[in-house]
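Take a look at the letters that make up each chain.
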Amino acid sequence: MRARLIALIIVAGGWEIAARADWLSATVLPPFSSVLVSLVRQLGQHNTWYQAYVSAWAIVVGFAIGTAAGLLFAATTTVIRALWTASEPVLYYLSSLPKIIFFPVLLLYLSTGIFSKVGMGAVSAFFPVAITAAQALHEVPQVQLRAARSLGAGRRKLLTHVYLPAAAGPVLSGLRLGLAVAVTGVLLAETSVASAGLGWQAMQDYDNLRITDMYALLLFVFFAATAINAGVGRLIRYLTRYNQATATRLGGDDRLQPGAPLGGGERLRGVRERSTR
Amino acid sequence: MRVPRFFLTSVLIVALLAIVEVGVRARVINPLFVAPPSDAIGGAVSGLFDGTLGGPLVVTLYETGVCLVLATVLGVGAGYLLWRYGGLGRAFEPWVAGLFAAPLILLYPIPLVIFGRTSTAVIAQATVMALPPVILYTRQSLAAIPPQFLKVAAVFRLTQGQAMRHVLGPAAAPTLFTGLRLGLTYILVGVISVEYLAEIDGLGKTISFDYLAFDMPGVYSAVVLVIAGAAVLLAAIGRLQAVVRR
């Protein structure tokens with residue numbers, strides 16, 4: 001913890017010195033202290049929270065739609081296995097693409113208002129959720145399914161007592177990844193065509209050469225995104241604590257590798273590789 | 001009889017494209033919004049040769065290549081330092097991991113302020129986005145090398161360079177390539193997104209301009225090329241990774 005703080009002080013101090021010594025123009029790199037002052041000022045303004053609310057609304061709705069579609073797709077591929085075999089490579093490649101290339105199409109269908117941003121959030125979230133959920137459902141051990149069936153479990157009991165507990169960890173990790181890319185997708189779309197939202201506000205600051213305010217806003221977005229990501233990660237660890245205990249007892253470790261902040265477990269590595277922001 | 005995956009995937013793609021083609025031709029899907037796939041693919045192929053898409057593709061590939069080289073050199077170097085000096089690693093790795101989780105693409109106005117609307121700004125932004133995964137995976141790949149390997153290198157009195165070439169490099173390569181592959185996806189996102197948003201030469205700008213001109217076949221042709229280019233690059237690095245792993 002102390003080492004991390006020292007690293008933070010070194011970076012912030014270096015930034016401050018570089019700006020004060022005019023190594024870079026103030027237009028390019030305003031002093032860190034000025035950015036912090038601007039951040040505090042903006043946090044006290046109603047406008048900042050209104051823009052945050054607009055972005056949050058688009059993110060939450062887009063994420064919910066993308067998640068629902070992803071889970072539905074995963075469930076369908078569990079029933080129709082050939083569909084998963086055929087679509088898996090396509091999904092992987094599509095998930096690697098920059099989603100911004102779909103934005104013009106979304107603008108045409110959903111107009112330039114908030115719904116095109118919701119669409120970007122949904123498209124961004126769909127791929128990681130669909131891939132992780134489908135993989136998790138397909139990797140439920142057959143022995144568990146056979147054991148449940150031999151005990152008389154029907155479809156509903158299979159779903160609630162076998163599939164859901166076995167797939168919960170990876171699916172939740174997919175949701176976490178989906179949320180992270182939905183945040184990026186929505187904010188990026190807002191920087192392109194929008195009339196409100198944090199992305200739009202950052203571009204307003206940039207266009208009007210309020211670079212210090214832009215840095216402060218980006219700092220706010222970064223901290224918020226990182227805090228949400230960390231919070232969801234903790235929630236996932238709490239919700240899947242029983243699975244982790246079992247994995248540890250069995251000698252396996254399905255948790256994150258150190259330094260890899262998104263996703264969870266060996267089988268998600270491929271998704272982390274391919275999913276884009 | 002087991003049907004090969006390649007066949008199933010091809011059938012799925014052809015079926016989906018055929019449905020869209022028929023839908024657009026029958027005007028069930030609005031042709032103002034969606035170009036027939038035959039037009040989009042045909043436009044992509046002809047655009048490659050008449051220069052309307054070939055030129056932007058070359059620019060995008062050039063930027064992607066430069067970013068990959070920079071991310072490899074800087075990222076692997078930084079990852080090595082974080083592994084070599086444990087204190088440095090403990091201090092900075094959590095912050096690099098934090099950056100990995102943060103939406104770095106939103107920083108794109110900063111390179112625009114520094115470099116203007118040029119290829120350099122695109123390269124700077126995409127390289128910054130690719131650095132965290134390359135750094136993290138490099139450090140991870142080196143940290144995962146069994147200590148016995150290092151002891152053997154010491155027993156043979158290898159110099160640091162020799163140990164790197166004969167022991168550390170080969171042992172770390174598989175995980176390191178995973179980082180590079182991940183870095184490449186971030187580079188593609190960075191390059192195309194900045195080209196699109198800041199209207200800097202490349203396929204991203206072509207998509208943006210064609211959209212503004214309401215030239216939907218042009219938009220879809222450029223999208224087809226982005227998809228094809230990304231698929232080829234990712235498949236190439238995937239194959240390289242498979243070779244290294246073997």
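Residues numbered from 1 in each chain as written. Chains lettered and ligands numbered in written order. Predicted model: local features only at pLDDT ≥ 70, side-chain atom pairs only at ≥ 80, totals over all residues. Heavy atoms only, no water.

Draft legend 1. Quick peek at the domain arrangement of chain B. Residues and elements named next belong to chain B. On domain assignment, one finds that chain B holds domain 1 (1-34) and domain 2 (35-244). If you average the C-alpha positions of domain 1 and of domain 2, the two centres end up 31 Å apart. Where domain 1 abuts domain 2, roughly 690 Å² becomes buried across the two surfaces, and 62% of that area is made up of carbon and sulfur atoms. Taken together, the links from domain 1 to domain 2 amount to one salt bridge. The partner of R25 in a salt bridge is D39, with the nearest N and O atoms 3.5 Å apart. Between the two partners, domain 1 and domain 2, sit four residue pairs in polar contact (both at pLDDT 80 or more). Its residues assigned to classes, the side of domain 1 that touches domain 2 comprises six nonpolar, no polar and two charged. (Domains from an automatic or database assignment. Buried area = accessible area lost by both parts, 1.4 Å probe. Salt bridge = Lys/Arg side-chain N within 4 Å of Asp/Glu carboxyl O. Polar contact = N/O pair within 3.5 Å; in protein donor to acceptor, adjacent residues only side chain to side chain. Nonpolar A, V, L, I, M, F, W, Y, C, P; charged D, E, K, R; others polar.)

Draft legend 2. Geometry of the interface of chain B and chain A. Contacts between the two partners involve 60 residues from chain B and, on the opposite side, 56 residues from chain A. A per-residue breakdown of the area chain B buries against chain A is headed by B:R5, B:W95 and B:L106, which together make up 11% of the total. Counting across the interface, chain B meets chain A through one salt bridge. Among the ionic pairs, B:R5 bridges to A:E88, the shortest N-O distance being 2.6 Å. Secondary-structure elements contributing two or more residues to the side of chain B that touches chain A are α1 (5-25), α4 (86-101), α5 (109-115), α6 (119-143), α8 (160-198), α9 (203-212) and α10 (216-245) of chain B. (Contact = heavy atoms within 4.5 Å. Helix = DSSP H or I, 4+ residues; strand = E, 2+ residues; numbered from the N terminus.)

Draft legend 3. Expanded view of unusual backbone geometry. All names here are of chain B. The backbone of R157 shows a phi angle near 55°, a positive value even though the residue is not glycine. Summarising the element assignment, R157 is placed in the loop between α7 (147-155) and α8. According to the relative accessible area criterion, R157 is exposed, its value standing at 74%. With a phi close to 55°, F214 is a non-glycine residue in the positive phi region. Position of F214 among the secondary structure elements: in the loop between α9 and α10. When its relative accessible area of 42% is taken as the criterion, F214 is described as partly exposed. (Buried < 20%, exposed > 50% of the residue type's maximum accessible area, 1.4 Å probe, protein only.)

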